[in-house]
Amino acid sequence: VNYFVCSWPTSFDSDVRNIYCHDVKMPWVEAQTFCEDRGQTLVAPKSIQDVDKIQDKCGKQEIWTSGYQYLAEQGKPFKYLDRTVVPKTLWKNNKPGKASGFRSEDCAKLGSNGKVYDAKCWSESLPVCQDQAYGQNHLV
């Protein structure tokens with residue numbers, strides 16, 4: 001298992017925040033478990049600036065975010081694990097889609113183009129983990 005650390009200062013204080021770029025693709029649940037085992041969570045970009053920081057540190061590749069949609073919440077906005085809504089400004093055009101059942105795309109990926117899109121949770125992508133701070137997920 002190979003991963004490397006990327007750091008940048010936060011806007012909250014002088015602490016350094018870390019993200020960890022991992023180079024083995026895995027499904028969303030496995031990716032989140034991988035992060036949790038390290039006391040972290042999948043990234044939760046809240047702005048274009050957050051996306052830029054992730055891509056500057058980890059490269060422009062397809063990665064998992066902590067965004068998801070419960071089956072019972074179909075048709076409602078996607079949320080990150082900290083229960084904040086994935087910002088509309090980050091979504092790829094015409095996303096998220098409206099598939100349901102087995103075709104449902106209930107997990108959110110960050111594409112190499114810097115846009116978030118919905119995907120099948122069992123598909124594989126790279127996990128990028130972030131430290132958890134203040135009881136919630138923050139990149140900046």
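Rules of the game
- Residues numbered from 1 in each chain as written.
- Predicted model: local features only at pLDDT ≥ 70, side-chain atom pairs only at ≥ 80, totals over all residues.
- Heavy atoms only, no water.
- Disulfide = S-S within 2.5 Å.
- Helix = DSSP H or I, 4+ residues; strand = E, 2+ residues; numbered from the N terminus.
- Buried < 20%, exposed > 50% of the residue type's maximum accessible area, 1.4 Å probe, protein only.
- Arc of directions from axis to C-beta.
- Core = buried A, V, L, I, M, F, W, Y, C linked by side-chain atoms within 4.5 Å.
- Contact = heavy atoms within 4.5 Å.

Draft legend 1. Spatial organisation of the state of the cysteines. Within the structure shown, the criterion is met by 3 disulfides. Two residues share a disulfide in this structure: C21 and C58, whose sulfurs sit 1.8 Å from each other. Handedness here is read from the sign of the S-S torsion; for C21 and C58, about -55°, the answer is left-handed. Separated by 37 residues along the polypeptide, C21 in strand β2 (residues 16-22) and C58 in helix α2 (residues 48-58) bring together distant segments of the chain.

Draft legend 2. Region of interest: α2. Buried within α2 are the following residues: D50, V51, I54, Q55 and C58. On an axial view of α2, the arc spanned by its buried residues comes to 130°, and they lie on one face. More than 90 degrees from the buried face of α2, the exposed residues found are Q49 and D56.

Draft legend 3. Inspection of the nonpolar core at higher detail. Of all hydrophobic cores here, the largest spans 18 residues; its most connected members are V43, I63, V86, W91, L110, V116 and V128. Those elements that provide at least two residues to this core are β2, α2, β5 (107-110) and β7 (126-133). If one sorts the elements of this core by residue count, α2 sits on top with 3 residues. Excluding residues within four positions of it along the chain, V86 makes contact with G67, F78, K79, Y80, W91 and V116. Core analysis: the next-biggest nonpolar cluster, separate from the first, contains 13 residues, W28, C35, Y68 and Y117 among them.

That is the geometry; function is a separate question.
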